[in-house]
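As a plain string of letters, each chain reads:
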Amino acid sequence: MSSELISNYTLNEFRNAIAQNWHEAAILDSFEAEGIDIDIFFQPKRNYGECYTLIEQFYSTLDFTVDGDVIKIIRVFETFLYKTFPSENTVAGNQLRYALYRDGYEYCDGRILSLADRSPPLDWGSELARKFDLQQLDRQVRRISDSIDDDPDLAIGTAKELLETICKTILLEKGEGYDSREETFDLLKKVQKILSIMPEDIDNRAKGATAIKRLLNNLTGIVRGMSEVRNLYGSGHGREGRSSSLEPRHAKLAAGAAMTLAVFLYETHLETREEPTP
């Protein structure tokens, strides 16, 4: 089995489609925007035109067995699909989506995602952001997803920011103010109180009251842990030059916990939102 993360078939399909639909300036802008180098001396075995050759000269500088290089070309393909074939009801667009699917990728909502690596918590967050038009949340979810493997520190820092965004959004939608200097933990306590999900709000006679109170208490534990990890390893503070970073698995744990809590808080907010007066 080839060790390449994207097949020649898919590369060829996109090369042909891009060469047929984009002019040279658009090709140069899109490839260079993703930091892809060009070898102007490279000559492909077949020459079907200047655009075809130009794309092959960009391709020739990439190693498709390396995650970083594959991510770069995937971003170019995302832009091409989004701008050229926004509708799924085109033969050419569907042919490109099929090529991606053969390699284990899926084009969805303007992004190409790996079917093998999709993380349910992050998907929930993206779906929630799209459904309720929380654009800032969507940007943070994408940043976390894109940086977990290559920049775990950034993923951890953004996960904490995501919790702050959710808390501030709920407070604003509830007509409550907050101090911009407040820490995430303080924002969470306010949100818990407004949503009536403080441990003391649970009736001791309710079934499973003890377990529910324990879970609610653990919410604050998640935020405390996120803040401590972010302060030690996240992107929000400068650190001593020889300090070490965490591994992607640690970032996934932090991001997963943050996303699960964020989804729980916002869905609780939606369920308890007052209905409009008729």
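Here, residues in each chain are numbered from 1, in the same order as that chain's written sequence. Given that this is a predicted model, residues contribute local features only at a pLDDT of at least 70 and side-chain atom pairs are listed and counted only at 80 or more, while totals for whole chains, interfaces and linings are drawn from all residues. Excluding hydrogens and water, the side-chain figures rest on all heavy atoms present in the structure.

Chemist: Please explain the side chain of Arg-111 as it appears in this structure.
Modeler: By secondary structure assignment, the location of Arg-111 is in strand β2 (residues 111-114). Here a residue-residue contact requires only that any non-hydrogen atoms of the pair lie within 4.5 Å. Those residues in contact with Arg-111, other than ones at most four positions away along the chain, are Arg-75, Glu-78, Glu-106, Arg-142 and Asp-146. Helix numbering and strand numbering both begin at the N terminus, where a helix is a DSSP run of H or I of at least 4 residues and a strand a DSSP run of E of at least 2.

Chemist: Help me understand the packing of helix α1 (residues 8-21) against helix α5 (residues 91-102), please; the structure alone is not making it clear to me.
Modeler: Relative placement of two packed helices is described by the angle separating their axes and the distance separating the axes. With axes taken as lines fitted to C-alpha atoms, and helix axes fitted only over the stretch in contact, angles between N-to-C directions fall between 0 and 180 degrees. Two numbers describe how α1 lies on α5: the axes approach to 9 Å, and their chain directions differ by 160 degrees. With respect to their mutual orientation, α1 and α5 come out roughly antiparallel. For the crossing formed where α1 meets α5, the hand is left-handed. Counting all contacts with α1, which are made through Tyr-9, Thr-10, Glu-13, Phe-14 and Ala-17, the residues of α5 involved are Gln-95, Leu-96, Tyr-98, Ala-99, Leu-100 and Arg-102. Broken down by class, the residue content of the contact of α1 with α5 amounts to seven nonpolar, two polar and two charged. When describing relative orientation, an angle under 35 degrees is termed roughly parallel and one over 145 degrees roughly antiparallel, while 65 to 115 degrees is termed roughly perpendicular and anything else oblique. A crossing counts as left-handed when the near helix is turned anticlockwise from the far one by less than a right angle, and as right-handed when that turn is clockwise. Charged means Asp, Glu, Lys or Arg here, nonpolar means Ala, Val, Leu, Ile, Met, Phe, Trp, Tyr, Cys or Pro, and polar covers whatever is left, Gly included.

Chemist: Explain the pairing of β2 to me, please; I cannot follow it from the model alone.
Modeler: Within a regular strand, side chains alternate between the sheet's two faces. Between any two strands, pairing holds if DSSP finds at least two bridges. Direction of pairing for strand β1 (residues 105-108) relative to β2: antiparallel, over a ladder of four bridges. Across the sheet, residue Glu-106 finds its bridge partner in β2, namely Leu-113.

Chemist: In this structure, what is going on with the layout of surface pockets? I would like to understand it.
Modeler: Empty space among the atoms becomes visible once a probe the size of a water molecule is rolled across them. Points on a 1 Å grid, built from protein atoms alone, make a cavity when a 1.4 Å probe fits but cannot get out and make a pocket when they are open with protein on both sides within 12 Å along at least 5 of 7 lines; residues with an atom within 4 Å of a point are the lining residues. Grid points are joined across faces, edges and corners, and a volume is the space filled by probe spheres set on the points. If you add up the space inside the second largest pocket, you get close to 210 Å³. A class-by-class count of the residues in the lining of the second largest pocket yields four nonpolar, one polar and four charged.

Chemist: What am I meant to see in the packing of aromatic side chains here?
Modeler: Two descriptors summarise a pair of aromatic rings, namely the distance from one centre to the other and the angle between the planes of the rings. By convention, a stacked pair of Phe, Tyr or Trp rings (six-membered ring in the case of Trp) has centres within 6.5 Å and planes under 30 degrees apart, an edge-to-face pair has planes over 60 apart, and any other such pair is tilted. In this structure the tally under the stated criterion is six aromatic pairs. Measuring from ring centre to ring centre gives 3.9 Å for Phe-14 and Phe-77, while their planes differ by 10 degrees; the resulting arrangement is stacked. A residue pair is termed long-range when its members are at least 10 positions apart, and Phe-14 in helix α1 and Phe-77 in helix α4 (residues 67-84) qualify at 63 residues. With a 1.4 Å probe rolled over the protein chains alone, any residue whose accessible area is under 20% of its type maximum counts as buried; one over 50% counts as exposed, and the rest are partly exposed. Its relative accessible area of 0% is what places Phe-77 among the buried residues.

Chemist: Would you explain helix α8 (residues 152-173) in this entry?
Modeler: Every α-helix winds through 3.6 residues per turn, so residues three or four apart in the chain are directed the same way. In a regular helix each residue adds 1.5 Å, so 22 residues correspond to 32 Å; α8 covers 32 Å between its end C-alpha atoms and thus fits that length. Here α8 lies mainly inside the structure; 17 of its 22 residues are buried. Backbone geometry just downstream of α8 places Gly-175 in the positive-phi region, at approximately 75 degrees. For a helix, the expected span equals 1.5 Å multiplied by the number of residues minus one.

Chemist: Whenever I open this one, the nonpolar core confuses me. Can you help?
Modeler: Nonpolar side chains tend toward joint burial in soluble globular proteins. Put simply, buried Ala, Val, Leu, Ile, Met, Phe, Trp, Tyr and Cys residues joined by side-chain atoms within 4.5 Å make one nonpolar core. Counting residues in hydrophobic clusters, the biggest one holds 33 residues, and the most contacted among them are Ile-144, Leu-163, Ile-170, Val-191 and Leu-265. Sorting the residues of this core by element identifies α7 (135-147), α8, α9 (184-194), α10 (209-233) and α11 (248-272) as the ones contributing at least two each. For this core, the leading source of residues is α11, giving 11 residues. In this structure Leu-163 touches Thr-184, Val-223, Met-226, Ala-258, Leu-261 and Ala-262, once residues within four positions along its chain are discounted. Ile-18, Ile-36, Phe-77 and Phe-85 belong to the second largest nonpolar core, which has 30 residues in total.

Chemist: Just checking my understanding: could you explain the pattern of salt bridges for this structure?
Modeler: Pairing between side chains becomes possible if they bear opposite charge and their charged atoms approach one another. The term salt bridge refers to a pairing of a side-chain nitrogen on Lys or Arg with a carboxyl oxygen on Asp or Glu at a separation within 4 Å. Per the counting criterion, the structure on display carries five salt bridges. Between Glu-78 and Arg-75 there is a salt bridge, with its nearest N and O atoms 3.2 Å apart. Within this pair, Glu-78 and its partner Arg-75 are both found in helix α4, separated by three residues, close to a single helical turn. For Lys-160, the salt bridge identified is with Glu-164, shortest N-O distance 2.8 Å.

Chemist: I keep staring at the packing of α1 against α4 and nothing clicks. Help me out?
Modeler: For the pair α1 and α4, the least separation of the axes is 11 Å and the interaxial angle reads 50 degrees. Taken as axis vectors, α1 and α4 run oblique relative to one another. The hand of the α1/α4 crossing is left-handed. Of α4, the residues touching α1 (which contributes Leu-11, Phe-14, Ala-17, Ile-18 and Asn-21) are Phe-77, Phe-80, Leu-81 and Thr-84.

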